[in-house]
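The chain contents come next:
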Amino acid sequence: MLDALGIAHLSVPGYEADDIIATLASQAVDAGRPPHQATTCVTSADMPATWDDRFVEYGARQRREAIRQLAELRRRLAAAEDALADALASMKRAEATFDAATPAPLGRRERSP
């Protein structure tokens, strides 16, 4: 079916997909590709056993960077929330000042006959 759809595929008798993926990724890094260009997403309980230290370290760096970026995003979000609260409070003060300074509308004048 994959052939009929024109989808590339690879199988090696006696090996599971995670073993093949890890081997191909390692070969790509050995050939000069950086780990982030050879990393794939695979859910397998034994995948770490087939992954070498280059990928594990790359994954740890990526996690640390993601955690750092998340902390920075949370800090910026908190700052934005504070700025929004300040802006709303300022608008309420301005509205109260405007309401106090605006004279009451004059009543309708009666037309004289």
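Chains are numbered independently. Their residues run from 1 in the order of the written sequence. Owing to the predicted nature of the model, reporting of local features is limited to residues with pLDDT of at least 70; listing and counting of side-chain atom pairs is limited to 80 or more, with chain, interface and lining totals taken over all residues. To get the side-chain values, all heavy atoms of the structure are used, and hydrogens and water are removed first.

Caption draft 1: Structural context of the overall build of the protein chain. Under the DSSP-based scheme used, a helix requires at least four consecutive residues in state H or I and a strand at least two consecutive residues in state E, with every element numbered from the N terminus. Counting its secondary structure elements, the protein chain contains five helices and zero strands. For the protein chain, the α and β elements follow one another from N to C terminus as α-α-α-α-α. Counting all 113 residues of the protein chain, 12% fall into the buried class. The contact criterion used is simple: two residues touch if any of their non-hydrogen atoms lie within 4.5 Å. Residue pairs at least 24 apart in sequence account for 49% of intrachain contacts in the protein chain once pairs closer than 6 positions are excluded. Note on areas: Shrake-Rupley, 1.4 Å probe, and residue coverage restricted to the protein chains presented here. Accessible surface, the protein chain: about 9800 Å² in total, of which carbon and sulfur atoms supply 59%. Partly exposed describes any residue whose relative accessible area lies between the buried limit of under 20% and the exposed limit of over 50%, with all areas from a 1.4 Å probe on protein chains only and scaled to the type maximum.

Caption draft 2: Looking closely at a nonpolar patch on the surface. Together, Met1, Leu2, Leu5 and Ile7 give the surface a local cluster of nonpolar side chains, amounting to about 460 Å² of exposed area. Within the secondary structure layout, Ile7 lies in the loop between α1 (2-5) and α2 (17-30). Taking the relative accessible area as the measure of exposure, Ile7 reaches 41% and is therefore partly exposed. Here a patch means residues that are over 30% exposed by relative accessible area and free of salt bridges, tied together within 9 Å if like-charged and within 5 Å if nonpolar (Val, Leu, Ile, Met, Phe, Trp, Tyr). One side-chain nitrogen of Lys or Arg within 4 Å of one carboxyl oxygen of Asp or Glu is enough to make a salt bridge.

Caption draft 3: Quick peek at the pattern of salt bridges. Under the defined criterion, the tally for this structure stands at two salt bridges. For Arg76, the salt bridge identified is with Glu72, shortest N-O distance 2.9 Å. Taken as a pair, Arg76 and Glu72 lie in helix α5 (residues 53-101) at a separation of four residues, close to a single helical turn. Residue Arg76 is classed as exposed on the basis of its relative accessible area of 53%. In the salt-bridge network here, residues are joined through shared partners; they are Glu72, Arg75 and Arg76.

Caption draft 4: Main features of α2. The span you would expect from a helix comes to 1.5 Å times its residue count less one. Under the 1.5 Å per step criterion, the end-to-end length of α2 is 20 Å for 14 residues, consistent within 8% with the ideal 20 Å. All of the buried residues in α2 are Asp18, Ile20, Ala22, Ala25, Ser26 and Val29. Looking one or two residues beyond α2, the residue adopting positive phi is Gly32, at roughly 110 degrees.

These figures come from the coordinates and say nothing about function on their own.
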